[in-house]
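Breakdown of the fold
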Amino acid sequence: MDSDLLQVRHIVQEAIGTLSVSRDGAQICETLRTIKSYLGGTENPPSMKEKEEFTRNHFTTFLQCLISNLSLDWLEQFQSDEDKELWDCFFLEGPADQTFMVLLDTIISTAPSFRLNKVVDVLEQFLQRAGLSALMWEVCKQQTQAGPSVLQEAILNKVACLPDHLGNKLQEENRPVFFPQNYFPLLGVEMVQVLERISDSLRGGLDCSISFVSQVLGKVCMHGRQKEILNVLVSHLTDHTQSDCIWQRICWRLVESVPDRWVEPVVCGFVQAAAGPAVLSRLLGNLVVKSKKAQFVMTQKMLLLQYSYPTMVLQNLLGYLALDNMRRLLLIKVLKELLETWGSSTAVKHSPAEQQLYISKAILICLSHLKEAEIQSDRQELLTVMMEGMKCHLDSNLPKIRHMGMVVAECVSARVMSEGPALKFQYEEDDEIRDLKTLLIQRPEQIPDSDSQSIGNSRPAMTPSTILKPSVKPQPSASAGLDQGDDSELDSDDDLVPYDMSEDKELKKTKAPTYIRDCIEILTGPEDPDKYEATMSTLESLIRRNVAAAREVSVELAKVLLHLDEKSYVEGFVGLRQGALVAIAVTDPTPVAQFLTSEFYSLNYSLRQRMDILDVLARAAQELSQPFSPKAKQLPSLKQPSIQILPSNSSSPDWQKVVDERIRSKTRRFAKVKPGNAKLP
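Note that the structure is predicted; figures quoted are calculated from it, not measured.

1. Some points on the packing of aromatic side chains
For the structure on display, the rule yields five aromatic pairs. Ring centres 5.9 Å apart and planes at 75 degrees place the aromatic pair Phe54 and Phe59 in the edge-to-face group. Given the relative accessible area of 0%, Phe54 is considered buried. By relative accessible area, which is 0% here, Phe59 ends up buried. When the centroid spacing of 6.1 Å and the interplanar angle of 35 degrees are considered together, the rings of Phe100 and Phe126 count as tilted. In this pair, Phe100 sits in helix H6 (residues 96–109) while Phe126 sits in helix H7 (residues 114–128), placing the two residues 26 residues apart along the sequence. For the pair shown, Phe100 and Phe126 are each scored as buried. The ring centre of Trp262 lies 4.1 Å from the NZ or CZ of Arg261, which sits over that ring. Lying over the aromatic face of Tyr320, Arg327 brings its terminal NZ or CZ to 4.1 Å of the ring centre.

2. A look at the environment of Ala548
In this fold, Ala548 is placed in helix H31 (residues 547–552). Residues Ala548 and Asp588 lie 40 residues apart in sequence; the distance between their C-alpha atoms is 9.3 Å.

3. Focus: helix H10 (residues 162–170)
For H10, the set of buried residues is Leu162, Pro163, Leu166 and Leu170. All buried residues of H10 fall inside an arc of 95 degrees around its axis, so they share one side. Residues of H10 that are buried make contact with H6, H7, helix H9 (150–160) and helix H11 (180–203). Backbone geometry just after H10 places Gln171 at a positive phi near 55 degrees.

Basis of the calculations
- The numbering scheme is per chain: residues are counted from 1 as the chain's sequence reads.
- With pLDDT at 70 or above as the cut-off, local features in this predicted model cover only qualifying residues; side-chain atom pairs require 80 or more to be listed or tallied, and sums for whole chains, interfaces and linings still use all residues.
- Think of the side-chain values as coming from all heavy atoms in the structure, minus any hydrogens and water.
- Stacked, tilted and edge-to-face pairs are distinguished by plane angle, under 30 degrees for stacked and over 60 for edge-to-face with tilted covering the rest, among Phe, Tyr and Trp rings (Trp via its six-membered ring) whose centres lie within 6.5 Å.
- Relative accessibility decides the category of a residue: with a 1.4 Å probe and only protein chains considered, values under 20% of the type maximum give buried, values over 50% give exposed, and everything between is partly exposed.
- Helix and strand labels come from DSSP, where a helix needs a run of H or I of at least four residues and a strand needs a run of E of at least two; each type is numbered from the N terminus.
- Charge-over-ring contacts are defined here by two conditions on Lys NZ or Arg CZ: a distance within 6 Å of the ring centre and an angle within 35 degrees of the ring normal.
- Arc, as used here, means the arc of the directions from the helix axis to the C-beta atoms.
- By definition in these notes, contact holds between two residues if any of their heavy atoms fall within 4.5 Å.

Interpretation in functional terms is not warranted from these geometric data alone.
As structure tokens, this is what we get:
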């Protein structure tokens, strides 16, 4: 081994021994100045080889010695502030990667003490003096010379998890600079500084690795902090990439170098943070074409598997796909997959309405970006999928789903069948539908450069006001009907006898339940006015018809009815509930009576409920005390519609007289002729 390198080892070992045993302030300061010469900044600096030997093999050991000897008594040996700063300078001016690891390992392993507070102070100064950018730059230079190491992996974990380590250790005494909302924006600024140094290095013709910065970005985003770091990073990258091709390539390589396991949070964060499709295209380049993982995230997961993103994110994502010819193939593929999902009967039945609205928005945004030639090449396939999806949506029993299907079908038919008549539906427009239709209009920044020059020569753009207005059929005026009915009185129907409609019942939208257990499920489940009304109307008759089934659930049903709140939309609700309680008490007297009497003196019952208990017991006792009469207990059967028969001819007036009398009353005469003066012509 070279004698100079052996001398460095000997000097460091001697300095460590002196610092461990000496309590002389002057000797300690002299020793520290000797070692500091290996960091530079002295009149007689050592050779470059000696500096590299010290920083590579001895610096970490020396820092650990400084911390192990750190105590209040030991620091009192320094007479001046300059001497005290001599101890700090080793941590603030030495190799940042080793310094960071020593400081953080010491904080994690040290109990609350003066030493811990001092190390935390130094770490805070380290962060405030751009220590993180120096740290990442050191690792980037090392990656250029050699591949990733165990030390780099440890540094990556510590950088991404620093707020967690400090929060767990310091707890209520944590410093603001270590808070996640402060630390990660600071880390974003430091990353921009590293990228600036990389840019300068590339302009100078020197190679530089960016993979460690990509790993830090991916690790932080994977921990759920993409919003804090990307809000800072994306804004700076947007400014730098606006007119600088080197910065664009740096940004593309930054995202492309993110490991596959962390691609999803990074890509999603960029799509959300970008100010528009054009900005996103500058930042990501053709990442969606180069990376299979990014392609899956952007064309499948963000569109078909998730639906929590706002409309702006959809516009950024699909506009990004439309801004490059290589990516437009993916845009057409995405539209077909969206329409296939939109037209799936299973998806319509089982997917939440929010997800179906999300997919509908994505379809309309895709349509707004497609050119006529692209649409016509797949015209028949788009029409087929659209017709199947329209049928599934119109078959839905939810008005919101039907209306969304109508809007999408109108928009697809308007774009696909540009020459023929488009579909028209009748529906009431609301804010949601109007927002859907506005998605067909491209914003200026979403129009590709190749199309912007010929936009004035193209056919007029379709707007919601010109194409997608719901058709309204003209209604005949009331005056026209009145004018046509002037002579209707001539054919009077006064003598026709009307049907007896006294026994007719209003048709119900909801079918009445058939079983008593179904009634219990309806009364205890989500409130549905139609089902409630149908259940309460038929419950008493079900109990009296199905005695065996009623006895199986008698106490449970009585409890449900007793606690049932009054429903104002059910006509005669109080009487229906009391009738059902009486019926169940008569059907199964012993357990129901025991339940009602035990509940009468229980807590949390209102006076109204206690009066209901007494009324039910009294009416049930009266009904049970009466002798059984089959005719009295027989349920009223449905009466046949009665038709009134006209009286027989014997008792009715002569029909000829009735007709003559009607003609005489309807005949208009302008002059009366005496019977004796009438002459034949």
